[in-house]
Amino acid sequence: MHKTATKLADGRELVYYDRDPGTVRDVVDERPLEPAASFSETRLDPVLGDWVTVAAHRQQRTYHPPAGECPLCPSRDGRLSEIPAADYEVAVFENRFPSLAANSAEHVVAQDGPLHTLRPGAGRCEVVCFTSDHDASFADLDEAKARLVLDAWTDRTAKLSALPGVRQVYCFENRGEEIGVTLAHPHGQIYAFPFVASRTARMIARAEAHRARTGRNLFEDLLAAEQETPERLVLRGEHWTAFVPFAARWPYEVHLYPRRRVPDLTALNEAERAEFPGLYLDLLRRFDRLFPSPDGSAPNRTPYIAAWHQAPRTGGTELALHLELFTVRRAPGRLKYLAGVESGLDAFVTDVSPEAAAERIRSAAPGGRV
């Protein structure tokens, strides 16, 4: 992997990732941009103990631009975008409309009270462009390009984890308008949080309780149990295993674990990194085959969220790195909406049994192999 770091016209960082070590990226961003000046605040919910980020400036972010005005495409034919180069492989840059920003402390005064606790929303939000091809998707990449994305995720995890005040790094991809994506170009995001997200904290608490009760790691026991329960297995390699969780919340949800427990992306070894792209691309393509087009001529691009769960900077030694992939689609043309019990109470009701979902995903490839 070859990395080239530069600055955009308003001072934000841009990093190109290339496979060829001889690649030169020396194009200057010529847009007349004012210096970036975004800030936010985080407020503690006194009832649930969750941190909520308030980022009012994001109301002005780019929303469903025409393909010819996509800010994530390369700068070509006289049109300048967020990527100054005329082409690129993988590019990562600071979000122009971030939920969290390093300079928030300069604008937000912390407050402490029994019911009102407020902190600057100090952190960092980055955009990861998987390819310069506007009409592609992650599933269209070859294994070498998917590996380059993995290397970029890993590098950004290392860099962002080292920033002052950052406690957790979260890499994820939203795909499809049904998910709420406002830019169609294939891309993901990375958030560097100044707090540990509540779901991560719950995972850690459960794992610590399991350790106290059994003397073993929860995630190692979970993976071993799923490997012995073939009806929910989807894919199995030498170093990675994909399965539908026993208590899946979404109609089609798959978790992908390295067989060796590691805390984050930076701890993966070369064998694990080499195997990941093929398995992950296979999994994404199976998701696309779940819901074919109405005339059966081609698969649809299934809307999904893919999220890396990594141990926080401190206090998460029991957490295991894993990727969670799920779709909001429950049947062709039908979405899984979060209704009263899910949105209001976080009590999920799924429409498809995990065993039936696993069988469908296994069958969405020649031979239905595992």
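Everything numeric here is computed off the predicted structure, so don't read it as measured data. (Residues numbered from 1 in each chain as written. Predicted model: local features only at pLDDT ≥ 70, side-chain atom pairs only at ≥ 80, totals over all residues. Heavy atoms only, no water.)

A.B. asks: Help me get a handle on the pattern of salt bridges, residues and values and all.
C.D. replies: Evaluated as defined, the whole model comprises 33 salt bridges. In this structure, Glu-89 engages Arg-19 in a salt bridge whose closest nitrogen and oxygen atoms are separated by 2.6 Å. With Glu-89 in the loop between strand E4 (51-54) and strand E5 (90-94) and Arg-19 in the loop between strand E2 (13-18) and strand E3 (41-44), the pair connects residues that are 70 residues apart, well separated along the chain. Each of Lys-3, Glu-13, Glu-94, Arg-124, Glu-126, Asp-155 and Arg-156 takes part in salt bridges that share partners, so that together they form one network. (Salt bridge = Lys/Arg side-chain N within 4 Å of Asp/Glu carboxyl O. Helix = DSSP H or I, 4+ residues; strand = E, 2+ residues; numbered from the N terminus.)

A.B. asks: Kindly report on the pairing of strand E13 (residues 304-309), identifying the contributing residues and their values.
C.D. replies: Burial of E13 is extensive: six of the six residues sit out of reach of the surface. Where strand E8 (residues 168-175) meets E13, four bridges bridge the pair, whose relative direction is antiparallel. The partner of Asn-174 across the bridge, within E13, is Ile-305. Two strands pair when backbone bridges link them, and E13 and strand E14 (residues 322-327) are joined in this way by five bridges, in the antiparallel orientation. Bridge pairing in E14 links Ala-307 to Glu-324. (Buried < 20%, exposed > 50% of the residue type's maximum accessible area, 1.4 Å probe, protein only. Pairing = 2+ DSSP bridges.)

A.B. asks: Account for the sheet that holds strand E9 (residues 187-193), with residues named and values stated.
C.D. replies: Here eleven strands make up an open sheet; going across it, the order is E1-E2-E5-E7-E9-E8-E13-E14-E12-E11-E10 and the pairing antiparallel. Taken across any chain shown, the strands that pair with only one partner, and hence form the sheet edges, are strand E1 (2-7) and strand E10 (233-236). Across the sheet, the axes of successive neighbouring strands diverge by a mean angle of 20°, strand direction being ignored. In terms of strand pairing, E2 meets E5 through four bridges, oriented antiparallel. Residue Val-15 lies in a different strand from E5, and its bridge partner there is Val-92. Where helix H1 (residues 143-161) meets the sheet, its contacts fall on E1, E2, E5, strand E7 (124-129), E8, E9 and E13, and the angle it forms with E2 comes to roughly 145°. Strands E8, E13 and E14 of the sheet are contacted by helix H2 (residues 198-214), whose axis makes an angle of about 125° with E14. (Axes fitted to C-alpha atoms, helices over the stretch in contact; angles between N-to-C directions. Contact = heavy atoms within 4.5 Å.)

A.B. asks: Provide a residue-level description of the side chain of Asp-282, including the pertinent values.
C.D. replies: In this fold, Asp-282 is placed in helix H4 (residues 270-289). Engagement of the side chain of Asp-282 in a polar contact is seen with the side chain of Arg-286, the distance being 2.9 Å. (Polar contact = N/O pair within 3.5 Å; in protein donor to acceptor, adjacent residues only side chain to side chain.)

A.B. asks: Describe in detail the sheet that holds E3, supporting the description with residues and values.
C.D. replies: Spatial strand order, E4-E3-E6: three strands in an open sheet with antiparallel pairing. If you trace the sheet from one side to the other, it starts and ends with E4 and strand E6 (117-120), each paired once. Neighbour to neighbour, the strand axes of the sheet diverge by 25° on average, direction disregarded. Sheet topology places E3 next to E4; four bridges connect them, and they run antiparallel. Bridge pairing links Arg-43 to Val-52 in E4.

A.B. asks: Give me unusual backbone geometry: which residues, what numbers.
C.D. replies: Of note in this structure, Asp-77 is not a glycine but carries a positive phi near 50°. Considering the arrangement of structural elements, one finds Asp-77 in the loop between E4 and E5. The backbone of Asp-346 sits at a positive phi, close to 60°, despite the residue not being glycine. In this fold, Asp-346 is placed in the loop between helix H5 (340-345) and helix H6 (354-363).

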